[in-house]
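Structure at a glance
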Amino acid sequence: MSVFGAPAEAPATSTAGILVVDDQPAALCAMEAMLKDFGQDLVLASSGADALRRLLERDFAVILLDVRMPGMDGFETAELIRSRERSRTIPIIFLTADQSEPQVRRGYAAGAVDYLAKPVVPEILRSKVSVFVDLHLKSLEVRRQAEELLALNRELEERHAELEAFAFSVSHDLRSPINAAAGFAQALREDCGDALGETGREYLRRISGCLGRMDALIQDLLAYSRLCRMEVRISPVALGPVVAQALAGLEAEVRGSGASVVVEEPLPAVMGHRAVVEQVVVNLLANALKFVRPGEPPRVRVQGEGRGSVARFRVEDEGIGIAPENQQRIFQPFERLHGGDAYPGTGIGLAIVRRGVARMGGSVEVESSPGKGSRFTVELPKAEGTS
Ligand code: ADP
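Within each chain, residue numbers correspond to sequence positions counted from 1 in written order. Local features in a predicted model are, by the rule used here, given only for residues with pLDDT of at least 70; side-chain atom pairs are given and counted only at 80 or more, and totals for whole chains, interfaces and linings are based on all residues. As a rule here, side-chain values come from all non-hydrogen atoms in the structure, and water together with hydrogens is ignored.

With respect to the layout of surface pockets
The test is simple: The method works on a 1 Å grid over the protein atoms by themselves. A cavity is a set of points holding a 1.4 Å probe that cannot get out, a pocket is an open set with protein on both sides within 12 Å along at least five of seven lines, and residues with an atom within 4 Å of a point line them. Grid points are joined across faces, edges and corners, and a volume is the space filled by probe spheres set on the points. For helices the rule is a DSSP run of H or I covering at least 4 residues; for strands it is a run of E covering at least 2, with both sets numbered from the N terminus onward. Residue type decides the class: Asp, Glu, Lys and Arg count as charged, Ala, Val, Leu, Ile, Met, Phe, Trp, Tyr, Cys and Pro as nonpolar, and the leftover types, Gly among them, as polar.
Of the voids in this model, the largest pocket is the one considered here, and its volume is about 800 Å³. Considering the residues around the largest pocket, the lining is formed by 35 residues, among which Ala286, Asn287, Lys290, Phe291 and Gly345 are closest to the centre. Mapped onto the lining of the largest pocket, the elements with two or more residues apiece are α5 (122–229), α7 (251–257), α8 (274–290), α9 (349–359) and β13 (373–381). It is α8 that contributes the most residues to the lining of the largest pocket, seven residues altogether. For the lining of the largest pocket, the residue count by class is 17 nonpolar, 12 polar and six charged.

Dropping the structure here:
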């Protein structure tokens, strides 16, 4: 039997295999003549057994299978082709002179997708075969693109993990010299404060302030980086106690600013990771308490609800608000809309909120009007059996 085009075992992506099975050499010759200009790999088999061997060697776009063959006929061959995992989905077109209804039914039952009457009309043959060849080439292309995307995705994930690990170790290693410097600054103030004079003490205060800000930044970076690496185990978390605990931690800010904070009980229970939910709540409350006009006491409202399978949690303030064009970028790390003198911070809080919420299968969004206030809404899966 002859094979032309790419070698039989090479899974071509730009050409498709066409398998023709017929016991009559003259019929095979005629098919070869009709299909040879097709530009695809034509493989000829003289029996069912020969065809099954060819099918082990490579993939085909379509099989043209003679029904009447001695020994194993076309129907039996088709059934064996269908029974094998590798060839199960290859379309089969039966070649037969007998197109009586029982014959056709039997063919479809054996796995035929079409029939061609013998003697075969070249134009009909070519048009039917070209449909399956096109389909095959397109599905190969889709598969190739999917594999390419998967490989790219894997590479991106690896790069991302490397970057996270790098950020984590850099942040971690930076903390010890900063802490040492802060310790020496404190020792200098305590032991030699009088000798330094007013100017010296002011410089020292500034050094301590810078070190404190750097330490806060590194701690936030570590928290952000940890959020990507840690295993986030989900279990029911009642929001009420989390908010109470967060407000207790922010007591100095609440008291110092004369803030009014209203928590509308009851708050729902969510499916989340307790420590991550706490980080989300603390960051949103701290921002609501911080971003007010100078001298104005913050007014903050916390509320939530559970509907269907979703729990919502809102932190609303009447502070300075956020312009529409900035409402998305503030969730990126280091995006701050104000200088550190007016409103101190690291610019990582909302990035932690967004990543933390995403890792628990939820989302966060903001509605805000400059000068009127902001409302941050967090959506998380609701804990079952709660309202
Ligand atoms: P940080 O609070 O450390 O500056 P965040 O990531 O928490 O960093 O917030 C990013 C920026 O988004 C803030 O610097 C601020 O400009 C803006 N922002 C966040 N929350 C509020 C809010 N409640 N009201 C007004 N602006 C806000």
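Considering the environment of Ala49
The following threshold applies: The buried label goes to any residue with under 20% of its type's maximum accessible area, the exposed label to any with over 50%, and the partly exposed label to all in between, with areas taken from a 1.4 Å probe on protein chains only.
Within the secondary structure, Ala49 is located in helix α2 (residues 48–57). Taking relative accessible area as the criterion, Ala49 reaches 35% and is therefore assigned partly exposed. In this structure the C-alpha to C-alpha distance between Ala49 and Gly304, which are 255 residues apart in sequence, comes to 70 Å.

Some points on the site of the ligand
Where we set the bar: Working definition: residue near molecule or strand if any one of its non-hydrogen atoms lies within 4 Å of it. Side-chain atoms alone can form a polar contact between residues adjacent in sequence; in general such a contact is a pair of N or O atoms within 3.5 Å, and within protein one must be able to donate a hydrogen while the other accepts it. All accessibility values rest on the Shrake-Rupley procedure with a 1.4 Å probe; residue burial counts only the protein chains present in the view.
Within the structure, the ligand sits among 20 residues, and Asn287, Arg336, Thr346, Gly347 and Leu350 are positioned closest to it. Leu350 is positioned such that a nitrogen or oxygen atom in its backbone is 2.8 Å from an oxygen atom of the ligand. Coverage of the ligand by the protein amounts to 98% of the 530 Å² it exposes when considered alone. Within the residue set of the shell around the ligand, elements represented by two or more residues are α8, α9 and β13. Among the residues forming the shell around the ligand, the class breakdown is eight nonpolar, eight polar and four charged.

Thoughts on the packing of aromatic side chains
How we decide: Pairing of aromatic rings covers Phe, Tyr and the six-membered ring of Trp, with a centre-to-centre limit of 6.5 Å; geometry is then stacked below 30 degrees between planes, edge-to-face above 60, and tilted otherwise. Lysine NZ or arginine CZ positioned within 6 Å of the ring centre and within 35 degrees of the ring normal marks a charge as sitting over the ring.
Enumeration according to the criterion identifies five aromatic pairs in this entry. Ring centres of Phe331 and Phe376 lie 6.2 Å apart, and the angle between their planes is 70°; on these two criteria the pair is classed as edge-to-face. Remark: Phe376 occurs in strand β13 and Phe331 occurs in the loop between β11 (310–317) and α9; sequence separation between them is 45 residues. Of the two residues, Phe331 and Phe376, both sit in the buried class. Following the ring pairs from residue to residue traces out a cluster consisting of Phe75, Phe94, Tyr108 and Tyr115. Taking NZ or CZ as reference, Arg58 lies 5.3 Å from the ring centre of Phe60, over its face.

What to know about the nonpolar core
Spelled out, the test is: Buried residues of nine kinds, namely Ala, Val, Leu, Ile, Met, Phe, Trp, Tyr and Cys, make up a nonpolar core once their side-chain atoms join them within 4.5 Å. Note on definitions: a residue-residue contact is assigned when non-hydrogen atoms from the two residues lie within 4.5 Å.
Counting residues in each nonpolar core, the largest one holds 43 residues, and the members touching the most others are Val277, Val281, Leu284, Leu285, Phe313, Phe376 and Val378. Counting only elements with at least two residues in this core, the list comes to α5, α6 (239–249), α8, β10 (299–307), β11, α9, β12 (363–369) and β13. Of all the elements, α8 adds the most residues to this core, at eight residues. Contacts of Val277, omitting those with residues within four sequence positions, involve Val237, Leu239, Val242, Val270, Gly272 and Met360. Counting residues in hydrophobic clusters, the runner-up holds 22 residues, among them Leu19, Leu65, Val67 and Phe75.

Interpretation in functional terms is not warranted from these geometric data alone.
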